[in-house]
Each structure stands twice: as C-alpha cells, then as structure tokens.
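# Structure at a glance
One letter stands for each residue in the lines below.
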Number of protein chains: 2
Amino acid sequence: MPGELVKALRAVAGSPNVSTALAVREQHGRDESMHRCSPPDAVVWPQDVEQVSKLAGICYSHGVPIIPFSTGTGLEGGVTAVRGGVCFNLTRMDRITALSTEDFTVAVEPGVTRKALNSYLRDTGLWFPVDPGADASLCGMAATSASGTNAVRYGTMRHNVLNLQVVLADGRVLHTAGRGRHFRKSAAGYNLTGLFVGSEGTLGLITQATLRLHGSPEAIVAAVCAFPSVHAAVGCTVQVLQAGIPVARIEFLDDVMMAACNRFSGLSYAVSPTLFLEFHGSPGSVEEQVRQAGEIVQLNGGSDFAWAWELEARNKLWAARHNAWYAALALRPGSKARPVCSPFKQLVCVSSGLIVGHVGDGNFHCILVFDPADLDEIQRVKEFATRLARQALALDGTCTGEHGIGLGKRHLLCEEIGELGLTIMRQIKAILDPKNLMNPGKVL
Amino acid sequence: MPGELVKALRAVAGSPNVSTALAVREQHGRDESMHRCSPPDAVVWPQDVEQVSKLAGICYSHGVPIIPFSTGTGLEGGVTAVRGGVCFNLTRMDRITALSTEDFTVAVEPGVTRKALNSYLRDTGLWFPVDPGADASLCGMAATSASGTNAVRYGTMRHNVLNLQVVLADGRVLHTAGRGRHFRKSAAGYNLTGLFVGSEGTLGLITQATLRLHGSPEAIVAAVCAFPSVHAAVGCTVQVLQAGIPVARIEFLDDVMMAACNRFSGLSYAVSPTLFLEFHGSPGSVEEQVRQAGEIVQLNGGSDFAWAWELEARNKLWAARHNAWYAALALRPGSKARPVCSPFKQLVCVSSGLIVGHVGDGNFHCILVFDPADLDEIQRVKEFATRLARQALALDGTCTGEHGIGLGKRHLLCEEIGELGLTIMRQIKAILDPKNLMNPGKVL
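Rules behind the numbers
- Residues numbered from 1 in each chain as written.
- Chains lettered and ligands numbered in written order.
- Predicted model: local features only at pLDDT ≥ 70, side-chain atom pairs only at ≥ 80, totals over all residues.
- Heavy atoms only, no water.
- Pairing = 2+ DSSP bridges.
- Helix = DSSP H or I, 4+ residues; strand = E, 2+ residues; numbered from the N terminus.
- Axes fitted to C-alpha atoms, helices over the stretch in contact; angles between N-to-C directions.
- Contact = heavy atoms within 4.5 Å.
- Buried area = accessible area lost by both parts, 1.4 Å probe.
- Salt bridge = Lys/Arg side-chain N within 4 Å of Asp/Glu carboxyl O.
- Nonpolar A, V, L, I, M, F, W, Y, C, P; charged D, E, K, R; others polar.
- Polar contact = N/O pair within 3.5 Å; in protein donor to acceptor, adjacent residues only side chain to side chain.
- Least-squares fit on C-alpha atoms with pLDDT ≥ 70 in both.
- Buried < 20%, exposed > 50% of the residue type's maximum accessible area, 1.4 Å probe, protein only.
- Phe/Tyr/Trp six-rings, centres within 6.5 Å; stacked < 30°, edge-to-face > 60°.

## With respect to the sheet that holds strand β5 (residues 96–100) of chain A
All names here are of chain A. What the 5 strands build is an open sheet, ordered β5-β6-β10-β8-β9; its pairing is antiparallel. Lying at the two open borders of the sheet, with one neighbouring strand each, are β5 and β9 (173–175). Taking the axes of each pair of neighbouring strands and ignoring which way they run, one obtains an average angle of 10° across the sheet.

Structure below.
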C-alpha cells in the first residue's frame, strides 16, 4: 500500500482511525465464514458519511478496492479482501435517527445492530422483527438481503428497507428513494432501494438504512411438537399456512439436529423431526391460533403440543432452536460450519443431516460441521454443498435462500439466473462501479 | 409506418393479428387517463412469448417504438404512444399455469386479470389479494407496481411478484429470477425482479408474472364508522396499526366524498370523515379484532361501529367505498377524474376535497373531477395536482404512492429522487433499451 495513499486516508479520518497492521489481524480473526481469509491492506474507521465519501473518493482515484465491514457475522465470505485494498470498518457510525412512531419508520447507521435497535425501541410499542440469528448490523442485513425466523410473518429485508443512503465507489452519495424519504410505498421510477438490498457491498457502501417498523405483539406464545416423519412435519407446515393462520415463526429441526441440541443444552426432547412455532397477536387471537395449529398438528400425527406464554418459559421451550448453530459446532470441538439453503420440497428428499429449516418460507439450512484445518474435508464439504444447491436449482429453487452469494456461491449464480440475467447484473455493476473496486470478487 | 415493417409483423403474428387502423381507434377510446391520447401506428396481438420476442426484434431492427398494452386501466397515460410505434396488445395471452398450492405460487400471462385469477383459484383455498380497484391485468399491475386497499396486510405488487418473464426491446427473453423459479425468497445476486416491477414497460414487455398467493381468510368482517374530524380518523388509524391489529383494509373517505357517495348510491351515511375497515382471519380472531378496533374507534370519538359478516351485507356496508370513483365522476356527468397520491401526514393538512385514502399505507388519493373538453380546467387541475404532489414531497413523501409516473408525473421524479438517482435510472434504461424504444416518453 503506497505511503501516499495512507497519508491521504489519514488526512480525512485522522491517524488513529487508519491502520495498516494491527486492525487487519483483528478483522481476520472475526471472519466466521469457511472461506480463506485474505486480509485488506488497511482498515479505516470513518465517523460519518462525509468521511466515507471522501475516503472512497481517495480509493477511487488510486484504483484501490473498497471492502465494507461492520459486525462480520456473514457466512459467505462477503467481507474477505480477495484483492487487498481498504476495509471500511463502519461500526463507529452507530446513530439511530428519524424515529417516527406515526409512520413506523427509523433510520440507522451501519454500526447499529438489530438488538441495539430493538432495545432503543423498547418503550415505543414498535419493533423491528427481521432476525437472522446473529446480532448483525442492520445495514449489513440490508446488504445481504437477510431474513431469518420471523420472515414468514413480517417479510425479509427486501420488504422492510424503505430507503438507503449509499456511497458509490467514486464517493458520490445516493439516496435510493430520495433524500430523507420514508414512505411505506411508492411507485416513482425504478426501485433502486430494491437493487441495493442484497447487493453485498458490490455496488456501494450502505451508510444509512431507513427501516419499516412493526407494532410489538401484545402476546406471544411459543410451541413445540414432534412428528413421526419429515413428511408429516412439512405437511403440517403447508396446512398451517393454507389455513391462513398468521404464524410468526415456524421452524423445523430434524432428528439429528434435535439429538445434537439435547446433548448441547441438556434437554430431553424426542429425537424426531420437530416443529418450533411462535404466534403473535392479542391474547385472544394467539389462543385461537394455538388451538387451530394444534388441531392441524394432531391431524398430521404430531405429538402433544407444548406451549408457553411467558418470556422465560418461551425461551426454555425454544432453547433447542436458539442454540442449534452452537449445538452443531459442539459436535466436533474446534470445528466450523457451513449452512446450505434450499427450497421447501427438497426437504423431504434429503435423507438426514443437521437440518434447520425456516419452513414457513420454504427454506432450510443443512449445517455441515467440519475441521477448518482439514483441507481434504473442506473440499468434501464444498462438493456436498454444491451438490445440494444444484438439487435445489433442479427443483426450481434457489442456491441461496439467505446469506447471499458472497465468495462461496459465485459458481452457482449463473446456473440459477441464466446467462442473460448475469449479463444484466454485470452491466448494472459496471454503471455504478466502473473500475470494479466495490467489494471485488463477490457475487458476480 | 413502412409497408415492409407491417409485412414483417404480419409474417410473425398472422394478418388478422396486425392492424394499422381499426384497432388503433378502439385502443384510443379506452385510455382512461386525462392525458392527450396519441395513437400508435399499428397494433399487434401476439399469441405467445415467442411471437412477442420476434415482433420486438422486428421493431428493434426498424427502430420503431414498442408500447405494451393489456387492460388499459392505468391512470397516468402509461399506454399512450407519444412517439407512435407498435402497440403490443397482450390480452390474447391469457394462460394461467404452474399453480402450486404447496408453494403458494402461480404464473399468469398479461391477459389474466386479478378477478380472472381469483375465480380460477376459487376452490383451492388460496387467493391473490392485491386489489387496485379496477379489474386490471396482473402483469400490468406488476409493471406499474400497483397496490390498493389490501396492501396494509398483504403488501403491494413489489412484495407479491416472485419472478417475471420479460421480452427486452431487442427480443431477448429474460427470466428475472431464473427460468421457472418460484421460491418465496432468495438472496442470489441483484434483485432484477424488483427492478422490473414498477418500470412501466420502459425496460421490457412483461409476458409472464409468477405471483405469491395467500391462504383465503376463513372469515371476513367489514366495518364502518364516522369521525368528528379528519384528525380523529387519522389518529384512530395510527393507533389501530400501533396496537398490532392485523387489519386487512383500512380506508378513509372525507365528508365531501361521503356526500357524493350518498347521492350516487342512495345511501344515508353521516356526511363526516369516515373509516371503512375489513378484518380477515378465523372467526374468533376476527371477532377480537373488531372488538379491539371498536375500542380504539370509541377512544377517538368515532360513531357506533357498524359491522357485517356475510358477503352481501359486507358489500352493502362498503358500497360507498367501492363506488367512490364513480360517485366522484357522477358529480359532473361527462367528466373525467385524476387521482393524486400523497403521504399520510399530509392528509390532516388538506382542508377538504374528494379524498379517498388507503390510510393503512399512509397514502391517499384526492380525486379531481374535471370536464375533459375544458382545456383551461385541465390546466388548473394539472397545476393543483402538481402543487399537492410538491406538498407531499416537502413532507418527505412520494409524488406517487401508486399508479406510477407514466406521462403525468415525469416532471416530479427528479424532485423526488434527486439528480444522481435519476442519472442511475437513465443508465439502467440505456443498458436494457439502448435505442429508447420501450414505451418511450414515460417515467424518465
């Protein structure tokens, strides 16, 4: 990295906010993906959008890659600096602004995580429901089009991002829906907000996201039930949705996963395909949802329907689901895991594995646990993941229901979208990032 | 129109499916917008996507504009042939395919209207809820990013289109989410589907839309109540949403509109700001929603809460809302109307008018009735509409909550989105339609 460039970065961000050695290693250690981690040449910690804009302009004029970074919780290697460059660590931009309890909107900077936002909202009667598991940055969730367990009721990031402030590679600042706008719907021109949601930092740096909030449910009930077969659990899910029951969460764990969870959390659940459900609403409506869902569970041969109203009891009931990721990792201490996302109907074809499904969305993860030091095993895991994704594609599904393309699934994107779609994506990228500096080597 | 071009079009579509005179007038008569109607030079009626592709290819090589057309129910002049060219009347492509009751998806061609789809679905327990009022083509609704009264619960077209088959200007066929794919969510690459929803035919011809279906509600209750002021009605709406009541429809009519409706439909509603609500769910949940909403209505000084369960009684109760458009037109026989869409908080600023609000979405229409022969009045209506839209923009709103930009609001798009956003939209258009042949003169 040329000294002149470092000097220019320091002149904008201040010396302590530009590092070329120490922080790079820190970043390195936090990448949770299975991808070989290439560190950047430097890390900058901008304090506001003006600094981001100036710093990007400097990188642009030097032809140096720009890699956005906030919580680093992604699993597809999206923050890896495959061609070196400058990592923009945006965690110090953590303001929450423009809360409107009348319009159900709020604006957050990249350092704000979903848990931080929800504690900020605690007394307003509103909340932000998209929950990918990790306490991710909300702007990062917008960048990767995150979803998670609540998506069946509240939608994914695609449905809940209303506007984005984006710094383009050359430093220009774009407001995808117009500066300061925070309407619930619009039909004005092309949907630029939707274009940036899920673009994984390859089109620009998201420096602020305006989000749609929801009324906090008055009552929440969690429920769990075991099934004699995967088929029965899936059938039950379809019928619950067909019945129009406004279930908030409906999650599937297979028998192998349940056994791992029992071991990890000291539980004694039946080692069978299991559904975890959550109902939101008024006390009366929730009660009725539980009753209706319970009847459908029975019809499908499900076990007794255990349910809980209070927060503590709910957490206990859902402990297995909440800890599934760690339970899987604990099967082999020191291991890492790789999730694979596939569509609904494939669930009944996969014989067994560590399966966690957002079945309400027709999406499940097969968790593959491996030793990160065993290159041969990594290769086998990659091959299996690719086979599973191709099976999903053959069933008209997607190779990635969540988590994005990142580094790991680039070879599958063309198979999913086709040559023409990929060509158009590349042309769009070339408009916004003509020098290919924005998070290069990802997605396309 | 050169004879050679007409010959080439006829060779693909067959002579009876290409017209250069008769049908043009037919089309002309059906434009419901206030915009001066420029007829196309020819109309073609393709039978399938292959024909659309070949016909577009011919227009492309001749440098002739392409104007997509189906039901012609749009209100912003989106199907006007401002530069002449060939109108693609897609109404004869009316297949409904790929219904999956397990995945809640279906694919429709441009000739399929929302009512036709819902009667096709009648026995499946599923329905498609987006309802812009008119019995519009579903592909047209995708093209204009339509929404309507149910959007507060079920989202707009942006949330309910999963995939689009699009013929580009040069005849290439794009599947925005990959050929035949119909998953509920994906994080694979840039959201091309979202880019085409709301592009108003300026990026390509939508020849098939894959839609997300919903479970039909077991019970539906309609309700009506009058308020002492606009402010009270709006306050009530906000509180209903904040309470997390999953209301399916919540519509506002002001006193002037109510008087017009009473006169038109022989009703005797109070001439006051009025809310029309609809609740969907199980019988028990609906009952509770009505009770909860009724309490909030009372707190805001609303009148007795009249409600109805049965279809006929519901239709009677909602008659005023359903006929609002025609009631407005009937105020001055022979007149036309122009809707203006604005955000929520503006509602309390507008003193009075013919106001119909999708208040659950923070969006309302002010219906302006005018004599289409009075050019001076048309000018005044246009000026008023622009003033109202600018007021919406000043309040961080949008100049078009629905209906699109079309011809009528092009001068407002830059004010809403900013120079950079508009530049990017133009660059995207140039990628997909380098000769500017797709519905030219609209949106940008």
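Moving on from the model shown.
## Some remarks on the interface of chain B and chain A
Counting residues at the interface gives 86 residues for chain B, matched by 87 residues for chain A. When chain B packs against chain A, close to 6,900 Å² is buried across both sides, 56% of that on carbon and sulfur atoms. The largest contributions to the chain B side of the interface with chain A come from Arg181(B), Lys185(B) and Tyr190(B), which together make up 13% of the buried area. Taken together, chain B and chain A are joined by 0 salt bridges. Listed by contribution, the elements that provide at least two residues to the side of chain B that touches chain A are α6 (151–154), α7 (157–160), β9 (173–175), α8 (192–196), α9 (230–242), α11 (283–299), α16 (410–417) and α17 (419–432) of chain B. In terms of residues, the side of chain B that touches chain A owes the most to one element, α17(B), which gives 9 residues. Of the residues in the side of chain B that touches chain A, the class split is 30 nonpolar, 37 polar and 19 charged.

## Describing the side chain of Asn163(B)
All names here are of chain B. Mapped onto the secondary structure, Asn 163 falls in strand β8 (residues 161–167). A distance of 2.9 Å separates a polar atom in the side chain of Asn 163 from the backbone oxygen of Arg 181. Here Asn 163 is in contact with His 175, Thr 176, Ala 177, Gly 178, Gly 180, Arg 181, Thr 193, Gln 208, Ala 209 and Thr 210, once residues within four sequence places are set aside.

## Concerning the relation of the copies chain B and chain A
There are two copies of the chain, and a rotation about an axis plus a shift along that axis relates them. When chain B is fitted onto chain A, the two copies agree to an RMSD of 0.0 Å after a turn of 180° and an axial shift of 0.0 Å. Classification of the inter-copy transformation places it as that of a two-fold axis. In terms of C-alpha distance to the rotation axis, chain B has Ser285(B) as its closest residue, with the C-alpha 2.4 Å off the axis. Both copies share a contact surface, since 100% of the interface residues of chain B are interface residues in chain A too.

## Points about the pairing of strand β13 (residues 249–253) of chain B
Consecutive side chains of a regular strand alternate in pointing toward one face of the sheet and then the other. All names here are of chain B. Along β13, 5 of the 5 residues are buried, which leaves the element largely enclosed by surrounding structure. Side chains Arg 249, Glu 251 and Leu 253 project from β13 onto one buried face, and the interleaved Ile 250 and Phe 252 project onto a second face that is buried too. Of the strand pairs in this sheet, β13 and strand β14 (residues 274–281) are connected by 5 bridges, and their pairing is antiparallel. Along β14, the bridge assignment pairs Ile 250 with Leu 277.

## Some details on unusual backbone geometry
Here Asp396(A), not a glycine, exhibits a phi torsion of approximately 70°, which is positive. Along the chain, Asp396(A) falls in the loop between α15 (375–394) and α16 (410–417). Located in the positive-phi region is Phe104(B), a residue other than glycine, with phi close to 60°. Position of Phe104(B) among the secondary structure elements: in the loop between β5 (96–100) and β6 (105–108).

## Re the packing of aromatic side chains
Residues and elements named next belong to chain A. With the rule as written, the count across this model stands at 8 aromatic pairs over all chains. Between Trp 127 and Tyr 154, the ring centres sit 5.4 Å apart and the planes meet at 85°, which makes this aromatic pair edge-to-face. Residue Trp 127 is located in strand β7 (residues 126–127), and its partner Tyr 154 is located in helix α6 (residues 151–154); the two are separated by 27 residues in the primary sequence. Taking relative accessible area as the criterion, Trp 127 reaches 18% and is therefore assigned buried.

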